[in-house]
Amino acid sequence: MSATNIIIAGVGGQGNIAASKIIGEAALMLGYDVKITETHGMAQRGGSVHSMVRFGDKVFSPLIPKGACQYLLSLEILEGLRWVEYLKDGAFLIVSTEIRPPYSVSVGKDHYPQNIEEIYSKYGQLLMVPAKELASKAGSTRSANIVMLGCLAYLTKSINSEAWIESIKRRFYGKEKVIEINLNAFQLGYEFASNSDRGR
Amino acid sequence: MRFPGNKKLLLGNEAFALGAFYGGARYGTGYPGTPSTEILENFSKYPGVLAEWAPNEKCAFEAAHGASLAGTRTIVTMKHVGLNVAADPFVTSVYSGVNAGLVLIVADDPGFHSSQNEQDSRHYARLAYAPVFEPADSQEAFSMVVEALNLSEKYDTPFVVRSTTRVSHSSSLVEVDFEPMEPENRPYTKNPEKYVMVPSYARKRKELLLKRFEALKEYSEKSPFNSVEWGHSYIGIISSGVAYHYAKEAFPDASFLKLGFTYPLPEKLIRSFASEVELLLVVEESDPILETEIRSFGINVFGKEYLPEVGELTPDAVAQAISNLLKEKRTNTYHISWMPKSPVNDLPARAPVLCPGCGHRNLFFVLKKLRAKVMGDIGCYTLAVNPPLSSMDTCTCMGAGIGEAHGFSKAIQKTSDEKIAAVIGDSTFVHSGITGLINAGYNRSNILIIILDNRTTAMTGHQPHPGTGKTLMGENTFELDFENLAKVCGADYVRTVDPYDLKETEKVLKEAQAAKGVSVVVARRPCVLYQRTEEGYYSIDLDACTDCGACLLLGCPAISRFDEKIIISSDLCTACGACAFVCRFDAIFKIEEVK
């Protein structure tokens, strides 16, 4: 199997690293070679952050080449747009509707593009996800990243649900309540993606 | 602790720590710095080890050398610029050598992810004649630290393991198939000719050092970490570190000489590889060090004329280099198997910002109001250079602000009595601000030093330091008293303020500016991520709000204007109250609800 390449884009503090680790651990359970690379340090302070996850029979570079990414997860509506160069033909774009205006937008110096959905759609198959609302329904808005993983789980068939669930449990090992909320969030994301698919 | 046949997904820095433990290291020291910090943090969790944050890298290296002489295998960790600080003991320790294994793990930051420069630590190793490993992934991070600890004793020299951001902060699989090594008892023997580097002894050690270097060349030729993978004979790629994986990704069918032990280089191995291929390309992260050295052997190689010398390498840049090289020098066409899509341009930038409720914000808000010239330093607070705070004039290196303020004020003193300010974080002050303060006191400076004391090393993820009263092992310890220290170092005016009290902060800073001589203000407020004190959050009464935008000038990420309204995010707000203080229309009020 050639590598599955996933980019997760977001804002520092949205659970980007946790999401990438959950994917990586789930892939490892299934015997894949895995590489993850992530942003630390300066960018944690509310700046743009991203991680790249790759798995397959053999993975060399931790960085995904531009044009090779099959799945883009954008935890904030704008952030994924910074990574579209990396997308491959037919990529899936899973984009949260959550908006976190950066300072330049708050003071009116910059603006979000008017037609964000239209722009994303040019690059592949777009799924807009009310991730924060679904996470809130699951028990905590902090689980929005896991809602997004639920959507990814529906769209990528290379990781089965047992591995996803086990990986989420291991990530939050010992925190029963957190596990429960996150498994709910995962399920809601999965169902959302599945319902959107049928609606097409 | 053992996981035979069992692969783990480890961050490069976790793998370095695991390698140190498995290689028998029982003492580790260092100073936090991205991308190296997690090495020592992870090491501290293994049974039977002692790990310490030192005040700075020089102290750390000296302690590491001492522990090695006493017979304990030791690692010392730092970021690339930290090696500037540790360079003095590092260079001469290679003359003295070691008793138990001593390994310096230094993490470079090509691409400036979180650093002020892009220096390549391999230059230092050459300056010092210190042997170097360059791991490409977590497995090698583990294995090379083990090997380096063993070889350090065998060759009687400190070893350097050079990481880069993409090695330290990428996760990949690690397989361990042996038990952790038990530390061996290596008693210290007094040996002044080896350990006392007075000129007559040092001269002899230099001769020994050069002999040892010849022996290391022999090791390099047969090191299991230097190996050839044959592919097409029309192009051979020599590569080290993570750059090897980029090249492998770009052109898996080329011939490769993968170098993991890169100083001294295996000249014979390189010559024999070069003789089998038509074109030779060196792919390495940062400076053209291997390339230059290989060229000095009289071997014709290509390198940085095809690859970027600024920033991080990427598989894309390497693919482009191979493609261009083949196109220019041969008729082979190389097809890059991926094609970038067109980017979306002119997106609003999202630079990192001070967190909601960060005490630094208030301090800089006041400094801006006072129109002070501010000599800056290294830490979260360097973000105050950005709008709207825009209140920093310099940032050079750890501790530089105080020295720069002193020099600046001396240079203008005949024509101006303007009091130049220096800002410095608590951990940075301990690291290398104290000598600058002594200089200011001794040479009778007219400056204002503000110690931004957030009770932790925040930037790198909340490490304790001598001002916090805690150690890396979680024990209580002596706590450095900044105010008293300032007094005994020659400060004429010393005050403490809580920057959450904006009114008092302004008053004290004005007073400190007016005072003659060296003024020191300790602005003390724990990092809000580390210790949040206020409950509830603030909200805006939209009827009272005139949309003047004064609160936005704080640059707080919890406050934003969207759809013509200013709002405070209850999720992000930490109830510091700065916005309510600056609002002239009483439109901002606190909601006491506990989230």
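What counts and how
Residues numbered from 1 in each chain as written. Chains lettered and ligands numbered in written order. Predicted model: local features only at pLDDT ≥ 70, side-chain atom pairs only at ≥ 80, totals over all residues. Helix = DSSP H or I, 4+ residues; strand = E, 2+ residues; numbered from the N terminus. Rg over C-alpha atoms; globule rule 2.2 N^0.38 Å. Buried ≥ 20, exposed ≤ 12 C-beta atoms within 10 Å, placed from the backbone. Contact = placed C-beta atoms within 7 Å. Domains from an automatic or database assignment. Pairing = 2+ DSSP bridges. Axes fitted to C-alpha atoms, helices over the stretch in contact; angles between N-to-C directions. Nonpolar A, V, L, I, M, F, W, Y, C, P; charged D, E, K, R; others polar.

**Some details on the overall build of chain A**
Link 1 in the chain: Secondary structure assignment for chain A yields 7 helices and 6 strands.
Link 2 in the chain: Taken from N to C terminus, the helices and strands of chain A fall in the order β-α-β-β-β-β-α-α-β-α-α-α-α.
Link 3 in the chain: The C-alpha radius of gyration computed for chain A amounts to 16 Å, which stays within 12% of the reference 16 Å derived for 200 residues, consistent with globular compactness.
Link 4 in the chain: The C-alpha extent of chain A, read off along each of the three principal axes, is 50 × 40 × 35 Å.
Link 5 in the chain: Relative to its full complement of 200 residues, chain A shows a buried share of 62%.
Link 6 in the chain: Counted over contacts in chain A with a minimum sequence separation of 6, partners at least 24 positions apart contribute 66%.

**A look at the domain arrangement of chain B**
Link 1 in the chain: Entries for chain B in the domain assignment read domain 1 (7-222), domain 2 (226-329), domain 3 (359-524) and domain 4 (537-591).
Link 2 in the chain: For domain 2 of chain B versus domain 3 of chain B, the distance between C-alpha centres works out to 47 Å.

**Digging into the environment of Ala193 of chain A**
Residues and elements named next belong to chain A.
Link 1 in the chain: For Ala193, the location among the structural elements is in helix H7 (residues 176-199).
Link 2 in the chain: Taking the C-alpha atoms as reference points, Ala193 and Thr4, separated by 189 residues in sequence, lie 19 Å from one another.
Link 3 in the chain: Discounting residues that sit within four places of it in the chain, Ala193 has contacts with Leu127, Gly150, Cys151, Tyr154 and Leu155.

**A closer look at the sheet that holds strand S7 (residues 159-164) of chain B**
Residue and element names in this part refer to chain B.
Link 1 in the chain: What the 7 strands build is an open sheet, ordered S3-S2-S4-S5-S7-S6-S12; its pairing is mixed. The open sheet terminates on both sides in strands that have one partner only, identified here as strand S3 (50-53) and strand S12 (261-263).
Link 2 in the chain: Relative to S3, strand S2 (residues 27-30) runs parallel, the two sharing 4 bridges. For Tyr27, the partnering residue across the bridge sits in S3 and is Leu50.
Link 3 in the chain: Its contacts with the sheet put helix H6 (residues 138-155) on strand S5 (102-108), strand S6 (132-133) and S7, and the angle it makes with S7 is roughly 165°.

**Thoughts on the interface of chain A and chain B**
Link 1 in the chain: Counting residues at the interface gives 47 residues for chain A, matched by 44 residues for chain B.
Link 2 in the chain: Of all elements in the fold, only helix H1 (16-29), strand S2 (33-38) and helix H2 (103-106) of chain A reach the threshold of two or more residues within the side of chain A that touches chain B.
Link 3 in the chain: With 6 residues, the single largest contributor to the side of chain A that touches chain B is S2 of chain A.
Link 4 in the chain: Partitioning the side of chain A that touches chain B into residue classes produces 23 nonpolar, 15 polar and 9 charged.
Link 5 in the chain: Pairing of S2 of chain A with strand S8 (residues 170-175) of chain B involves 3 bridges; the strand directions are antiparallel. Within the sheet, the bridge partner assigned to Ile36 of chain A lies in S8 of chain B and is Ser171 of chain B.

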